[in-house]
Amino acid sequence: ELYQCSNPTGCRRSGIWRAPPDFFFAVDRATMLAPAERTCEVSPEEAEVGRMPHVTGDVKPAAVGRVRGGGRATVLRYMPGPTWEASAAASFRRNHPVCRECGLPARPAILMFGDFAWSDSEEQSDRWLAWQQAVEEEATFRAKSGAPRLKVAILEVGAGGNVTTVRNTSEACLTDFMAAGAESRLIRINPDFPLGD
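Residues numbered from 1 in each chain as written. Predicted model: local features only at pLDDT ≥ 70, side-chain atom pairs only at ≥ 80, totals over all residues. Heavy atoms only, no water.

Draft legend 1. Summary view of the state of the cysteines. Scanning the entire structure with this criterion turns up zero disulfides. With no disulfide of its own, cysteine 5 lies closest to cysteine 102 among cysteine sulfurs, the gap being 3.5 Å. Residue classification places cysteine 5 among the buried positions, given a relative accessible area of 4%. (Disulfide = S-S within 2.5 Å. Buried < 20%, exposed > 50% of the residue type's maximum accessible area, 1.4 Å probe, protein only.)

As structure tokens, then:
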């Protein structure tokens, strides 16, 4: 849902922006590639139904914030707001999004391997750290006041053993929350790597 400029020299003017809720990639069914230009005018509904001939009934296309079970009524909380200004909307007119400032290709704003051009969101990191601190403070307060212990469940889904960042983060949170007095559990859903590291 969040994009940034792919310019490795740092088109930092553009920052991070949200894709419009109706954005989708048109995929060529014969090659399963998403060409840079949309080769035919097709609605998102037609494009999605065309890729899923086994689906019948009222089908909505895969799009930002929409999954098979339905869509989110609102965008994720505390994330960058909608980008309805003309420069952001224009960056998603083609099948391959472009930077809203320099016109070079845009990319998802996620950290990838060997990624030296990723634009980190300090606000997102600050929110994560503030949440962790709030949980620890609440757990400590309850432990000291005699109130029922804070119950925390950490749900980890599909974190494997090749890159253990998520597993390490989950285990560190578990340890920190328990040390603060919370009754904590780590629920690890991964049949190949169910145990702790």
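Draft legend 2. Layout of the side chain of arginine 107. Inspection of the secondary structure puts arginine 107 in strand E5 (residues 106-108). Here arginine 107 falls in the buried class, since its relative accessible area comes to 10%. Of the polar contacts made by the side chain of arginine 107, one reaches the backbone oxygen of isoleucine 110; its length is 2.6 Å. The contact partners of arginine 107, leaving out residues within four places of it in the chain, are Leu2, Tyr3, Gln4, Cys5, Ser6, Met112, Asp115, Ala117 and Trp118. (Helix = DSSP H or I, 4+ residues; strand = E, 2+ residues; numbered from the N terminus. Polar contact = N/O pair within 3.5 Å; in protein donor to acceptor, adjacent residues only side chain to side chain. Contact = heavy atoms within 4.5 Å.)

Draft legend 3. Broad picture of the environment of arginine 142. Counting through the fold element by element, arginine 142 comes out in helix H3 (residues 122-145). Along the backbone, arginine 142 and alanine 182 are 40 residues apart, and their C-alpha atoms lie at a distance of 8.4 Å. If we ignore the near neighbours within four places in the chain, the residues touching arginine 142 are Ala147, Pro148, Arg149 and Leu150.

Draft legend 4. Structural context of helix H4 (residues 165-179). A rise of 1.5 Å per residue sets the reference length of H4, with its 15 residues, at 21 Å; its end C-alpha atoms lie 21 Å apart and thus fit the reference within 8%. Listed as buried for H4 are Arg167, Ser170, Glu171, Cys173, Leu174 and Phe177. The buried residues of H4 occupy one face: seen down the axis, they fall within an arc of 160 degrees. At its buried positions, H4 is contacted by H3, strand E6 (151-157) and strand E7 (183-189). (Expected span 1.5 Å × (residues − 1). Arc of directions from axis to C-beta.)

Draft legend 5. Highlighting the packing of aromatic side chains. The full count for this structure, using the stated rule, is five aromatic pairs. Relative to phenylalanine 92, the ring of phenylalanine 23 has its centre 5.1 Å away and its plane inclined at 65 degrees; by these criteria the two rings are edge-to-face. Of the two residues, phenylalanine 23 sits in the loop between strand E2 (17-18) and helix H1 (44-51) while phenylalanine 92 sits in the loop between helix H2 (86-90) and E5, which places them 69 residues apart along the sequence. Here the two residues phenylalanine 23 and phenylalanine 92 agree in accessibility, since each one is buried. On the basis of an interplanar angle of 80 degrees and a centroid distance of 5.8 Å, the ring pair of tryptophan 131 and phenylalanine 177 is categorised as edge-to-face. Here tryptophan 131, found in helix H3, pairs with phenylalanine 177, found in helix H4; they are 46 residues apart in sequence, far enough to count as distant. Owing to a relative accessible area of 1%, phenylalanine 177 belongs among the buried residues under this scheme. Of the aromatic side chains, those joined through ring pairs into one cluster are Tyr3, Phe23, Phe25 and Phe92. (Phe/Tyr/Trp six-rings, centres within 6.5 Å; stacked < 30°, edge-to-face > 60°.)

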